[in-house]
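# Architecture at a glance
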Amino acid sequence: MTTTPVLPAPRPAPTLPDYIQNDAKLHAAAQQLEVSFLAEMLKSTGLGTQVNAFGGGAGEEHFGSFLREAQANEMVKSGGIGLAEALFEAMKAKWHA
């Protein structure tokens, strides 16, 4: 008669402490706020709008907003203007207080 060796039960995956998980969520929220801010600033510059007679019609403004948001998102990914970090630090101080 052969016996099968008994293996130890697999350990659960380690989880990050709550404060680190919360900080990651706060940082993501701060970055999204900076994306929104930059998209609005790009909108005020006229980025994504046509100035000639052959514009894109009614849908142009909607697609222009997608362009501005994508560009703002890339700006934040590459460091942004520092707004996300300032917001993150302020929210973290409030959260941990």
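As shown above, the structure is provided for reference.
Residues numbered from 1 in each chain as written. Predicted model: local features only at pLDDT ≥ 70, side-chain atom pairs only at ≥ 80, totals over all residues. Heavy atoms only, no water.

## Focus: the nonpolar core
Generally speaking, a soluble globular protein has its nonpolar side chains buried in company with each other. Val-35, Leu-38, Ala-39, Leu-42, Ala-72 and Val-76 together form the largest nonpolar core, which totals six residues. When residues of this core are traced back to their parent elements, those giving at least two are α1 (18-44) and α2 (60-77). A per-element tally of this core places α1 first, with four residues. Residues within four places of Val-76 in sequence aside, it is in contact with Gln-31, Glu-34, Val-35 and Leu-38. (Core = buried A, V, L, I, M, F, W, Y, C linked by side-chain atoms within 4.5 Å. Buried < 20%, exposed > 50% of the residue type's maximum accessible area, 1.4 Å probe, protein only. Helix = DSSP H or I, 4+ residues; strand = E, 2+ residues; numbered from the N terminus. Contact = heavy atoms within 4.5 Å.)

## Some remarks on the pattern of salt bridges
For the coordinates displayed, the defined rule picks out one salt bridge. In this structure, the salt-bridge partner of Glu-74 is Lys-77, at a minimum N-O distance of 3.5 Å. Here Lys-77 and Glu-74 lie together in helix α2, a separation of three residues that amounts to about one turn. (Salt bridge = Lys/Arg side-chain N within 4 Å of Asp/Glu carboxyl O.)

## Observations concerning the side chain of Glu-34
Looking at the secondary structure, you find Glu-34 in helix α1. No salt bridge forms around the buried Glu-34; measuring N to O, its nearest opposite-charge neighbour Lys-77 is 13 Å away. For Glu-34, the contacting residues outside a window of four places in its chain are Val-76, Gly-80, Ile-81, Gly-82, Leu-83 and Ala-84. (Lys, Arg positive; Asp, Glu negative; His and termini not counted.)

Honestly, that's just the spatial picture; any functional story needs more than this.
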